[in-house]
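These are the residues of each chain, in order.
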Amino acid sequence: MSLLMPKRVKYRKTQRGRRKGSAQRGSTLSYGEYGLQALENAWVTNIQIEAARVAIARNVKLGKVFIRAYPDKPITKKPAETRMGKGKGMVESWVCVVKRGKILFEVEGLPETLARESMRLAASKLPIRTRFISRKGN
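**Some details on the nonpolar core**
Reasoning step 1: Leu104, Phe105, Leu126 and Ile128 are the most contacted members of the largest nonpolar core, which has 22 residues in total.
Reasoning step 2: Breaking this core down by element, the ones donating at least two residues are β1 (34–38), β2 (42–45), α1 (46–59), β5 (90–98), β6 (103–108) and α2 (112–123).

Written as structure tokens, this is what we have:
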């Protein structure tokens, strides 16, 4: 199991930022016929993305899966029962900043019923509300 994370980063620790607004880019289908679109803002961890990917891959035998969410933001945490001060904590996990409207996963080469079912399974692994979209309409 290889979890998603950058090989190297320019800065080891980043500031938290704000989770507001909607996605300016990555809000339309680019690679596949069907997709899973985020309806709210959140941090999605590398573990959650991997769990959703596995859920889709198990359901989809033929066809291609595209992952459009990449966790490139390091999240730090200080150890439990540590006094204030003494600098920023160590990097605990990696997250993808997801804004509403962003496409998280895309699939192609399978019927709509199977695509809808696999996206439903993937959505259950994610901490946000999502919707199924397709090129035909929606």
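We are not done yet, so read on.
**Notes on the packing of α1 against α2**
Reasoning step 1: In the contact formed by α1 and α2, the axes pass within 8 Å of each other and the chain directions differ by 150 degrees. Regarding the angle of α1 to α2, the classification is roughly antiparallel. By crossing handedness, the relation of α1 to α2 is classed as right-handed. Taken together, the residues of α2 that come into contact with α1 (itself represented by Ala52, Ala55, Ile56 and Asn59) are Leu114, Glu117, Ser118, Met119, Leu121 and Ala122.
Reasoning step 2: Considered class by class, the residues forming the contact of α1 with α2 number seven nonpolar, two polar and one charged.

**Some remarks on the sheet that holds β2**
Reasoning step 1: Spatial ordering of the open sheet is given by β2-β5-β4, a layout of three strands whose pairing is antiparallel. On the outer flanks of this sheet lie β2 and β4 (73–77), each paired with one strand and no other. Pairwise comparison of adjacent strand axes, ignoring direction, gives a mean angle of 50 degrees for this sheet.
Reasoning step 2: Taken together, the four bridges between β2 and β5 define a ladder with antiparallel strand orientation. Counted as the bridge partner of Val44 is Cys96 from β5.
Reasoning step 3: In this fold α1 packs onto β2 and β5, with an angle of close to 65 degrees to the strand it touches most, β2.

**Topic: unusual backbone geometry**
A negative phi angle is the norm for most residues apart from glycine, just as the trans form is the norm for most peptide bonds.
Reasoning step 1: Non-glycine residue Glu81 carries a positive phi angle of around 60 degrees.
Reasoning step 2: The phi torsion at Lys86 lies on the positive side, around 60 degrees, for a residue other than glycine.
Reasoning step 3: Tracing the sequence through the fold places Lys86 in the loop between β4 and β5.

The rules behind these values
Residues numbered from 1 in each chain as written. Predicted model: local features only at pLDDT ≥ 70, side-chain atom pairs only at ≥ 80, totals over all residues. Heavy atoms only, no water. Core = buried A, V, L, I, M, F, W, Y, C linked by side-chain atoms within 4.5 Å. Buried < 20%, exposed > 50% of the residue type's maximum accessible area, 1.4 Å probe, protein only. Helix = DSSP H or I, 4+ residues; strand = E, 2+ residues; numbered from the N terminus. Axes fitted to C-alpha atoms, helices over the stretch in contact; angles between N-to-C directions. Parallel < 35°, antiparallel > 145°, perpendicular 65-115°, else oblique. Left-handed = near helix turned anticlockwise from the far one by under 90°. Contact = heavy atoms within 4.5 Å. Nonpolar A, V, L, I, M, F, W, Y, C, P; charged D, E, K, R; others polar. Pairing = 2+ DSSP bridges.

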